[in-house]
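Coordinates in review
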Amino acid sequence: MVSVALVLLAVAQLGCVVALWAGSGAASASRWPLTLLGLGLAYDSAVFGLGSALGEGAALHALSVGRYVGHAVLTPLLLVWAVERVLGLRRRWAWTLAVALMGWGVLRDVVALRLVPRAFADTLRYVPAAPHGPPWPVLVVIAVLLAAAIVLWRREKRPALLIAAVILVAASAAAFDLPPLGNAGEAVLFAAVVSVERAGVGRGRRAGRGLERHPRAGV
């Protein structure tokens, strides 16, 4: 049943990606990082859920490597969205920090990655043979996201992102004993992020609309 739940979770995450673009009109730059992130989350849940069906071997191992590469490279994209879209900071600063975290994550979690099979309930997945200590790049992303969620809550009275971020933190802590909870927490957070993006809230969107209403002379 856990395997089925994870596959359904992957479908739900793909549904969030579709919802991100449904009726969106002109594509906004902030939606592309979220799209890549959503596809990565769906991939992670799907490989986790289908592991027992694929069985131990080279195929599942290769797909599992993709899970860790995705976490290292795609997770900082959430920081790009939070910094630019909610906090309203310059895009180049968001991407500079994100690229630095990507490099840190790759060096920490991917370069020397060695995976071993591990079962949980009716699932089978490959996990690192030795723990690497606290996932500092991910913790930086979560800290920035929490800050953005608090700003959004205080400025626009929208608590959904903050609630989802707290759920993610709690689920990630519980995932050490119940690994699928980590995927569930990520799904809740991504759904909240998509709802915020679709609602058109945040300093980044308002700033863009202000420029449209009051263009600079000579532009």
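Small disclaimer: the values here were computed from a predicted structure and weren't measured.

1. As for the overall build of the protein chain
In terms of regular secondary structure, the protein chain is built from nine helices and two strands. In the protein chain, which comprises 219 residues, the share counted as buried stands at 42%. Sequence separation of at least 24 residues holds for 71% of the intrachain contacts in the protein chain that already meet a minimum separation of 6. As presented, the protein chain carries roughly 11300 Å² of accessible surface, and 70% of it is formed by carbon and sulfur atoms.

2. Let's talk about the pattern of salt bridges
Under the definition given, this model contains six salt bridges. In this structure, Glu-197 engages Arg-31 in a salt bridge whose closest nitrogen and oxygen atoms are separated by 3.3 Å. A residue pair is termed long-range when its members are at least 10 positions apart, and Glu-197 in helix H8 (residues 180-199) and Arg-31 in helix H2 (residues 31-54) qualify at 166 residues. For the salt bridge of Arg-85 with Glu-197, the shortest nitrogen-to-oxygen distance reads 3.0 Å. Taken as a pair, Arg-85 in helix H4 (residues 76-86) and Glu-197 in helix H8 lie far apart in primary sequence, 112 residues in all.

3. Some details on a nonpolar patch on the surface
Where nonpolar side chains cluster on the molecular surface, the patch consists of Tyr-43, Leu-50, Leu-54 and Leu-63 and spans about 320 Å² of accessible area. Broken down by element, the residue count for the nonpolar patch peaks at three residues, all from H2. Here Leu-63 lies in helix H3 (residues 58-74).

4. Let's talk about the environment of Val-11
Counting through the fold element by element, Val-11 comes out in helix H1 (residues 2-21). The exposure class assigned to Val-11 is exposed, which follows from its relative accessible area of 51%. Considered as a pair, Val-11 and Tyr-43 are 32 residues apart in the sequence and their alpha carbons are 9.6 Å apart.

5. Focus: the packing of H2 against H4
Running from N to C, H2 and H4 cross one another at 150 degrees; their axes reach a closest spacing of 9 Å. Taken as axis vectors, H2 and H4 run roughly antiparallel relative to one another. As H2 runs across H4, the sense of the crossing is left-handed. Residues Pro-33, Leu-34, Leu-36 and Leu-37 of H2 touch H4, and the partners they reach there are Leu-77, Leu-78 and Trp-81. A breakdown of the residues in the contact of H2 with H4 according to their chemical character gives seven nonpolar, no polar and no charged.

6. As for helix H7 (residues 160-174)
With 15 residues, H7 should reach 21 Å at 1.5 Å per residue; the first-to-last C-alpha distance of 21 Å fits that figure. Here H7 has its buried residues at Leu-161, Leu-162, Ala-164, Ala-165, Leu-168 and Ala-171. The inward-facing, buried residues of H7 abut H4, helix H6 (136-156) and H8.

7. Comments concerning the packing of H1 against H8
Two elements in contact, H1 and H8, have axes whose closest approach is 10 Å; the angle formed by their N-to-C orientations is 15 degrees. Considering the angle they form, H1 stands roughly parallel to H8. Here H1 and H8 pass one another in a crossing that is left-handed. Judged by residue contacts, Val-2, Leu-6, Leu-9, Gln-13, Cys-16, Val-17, Ala-19 and Leu-20 of H1 engage Pro-180, Asn-183, Ala-184, Glu-186, Ala-187, Phe-190, Ala-191, Val-194, Glu-197 and Arg-198 from H8. Of the residues assigned to the contact of H1 with H8, the class counts are 13 nonpolar, two polar and three charged.

8. Here we look at unusual backbone geometry
Excluding glycine, a negative phi dihedral is what most residues carry, and trans is how most peptide bonds are arranged. Phi at Ala-121 takes a positive value of approximately 50 degrees, unusual for a residue other than glycine. For Ala-121, a relative accessible area of 62% puts it in the exposed group. One non-glycine residue, Lys-157, adopts positive backbone phi at about 60 degrees. Checked against the element boundaries, Lys-157 lands in the loop between H6 and H7.

9. Looking at the pairing of strand S2 (residues 123-128)
Within a regular strand, side chains alternate between the sheet's two faces. Burial analysis of S2 places five of its six residues in the buried class, the great majority of the element. Two elements, strand S1 (residues 115-120) and S2, share six bridges in a ladder whose sense is antiparallel. Among the inter-strand pairings, Phe-120 is bridged to a residue of S2, identified as Thr-123. In this structure, the hairpin formed by S1 and S2 is closed by a connection of two residues, where Ala-121 is found at a positive phi of approximately 50 degrees.

Conventions adopted
- Residues numbered from 1 in each chain as written.
- Predicted model: local features only at pLDDT ≥ 70, side-chain atom pairs only at ≥ 80, totals over all residues.
- Heavy atoms only, no water.
- Helix = DSSP H or I, 4+ residues; strand = E, 2+ residues; numbered from the N terminus.
- Buried < 20%, exposed > 50% of the residue type's maximum accessible area, 1.4 Å probe, protein only.
- Contact = heavy atoms within 4.5 Å.
- Areas by Shrake-Rupley, 256 points an atom, 1.4 Å probe, with all protein chains shown as cover.
- Salt bridge = Lys/Arg side-chain N within 4 Å of Asp/Glu carboxyl O.
- Patch = residues over 30% accessible without salt bridge, like charges linked within 9 Å, V, L, I, M, F, W, Y side chains within 5 Å.
- Axes fitted to C-alpha atoms, helices over the stretch in contact; angles between N-to-C directions.
- Parallel < 35°, antiparallel > 145°, perpendicular 65-115°, else oblique.
- Left-handed = near helix turned anticlockwise from the far one by under 90°.
- Nonpolar A, V, L, I, M, F, W, Y, C, P; charged D, E, K, R; others polar.
- Expected span 1.5 Å × (residues − 1).
- Pairing = 2+ DSSP bridges.

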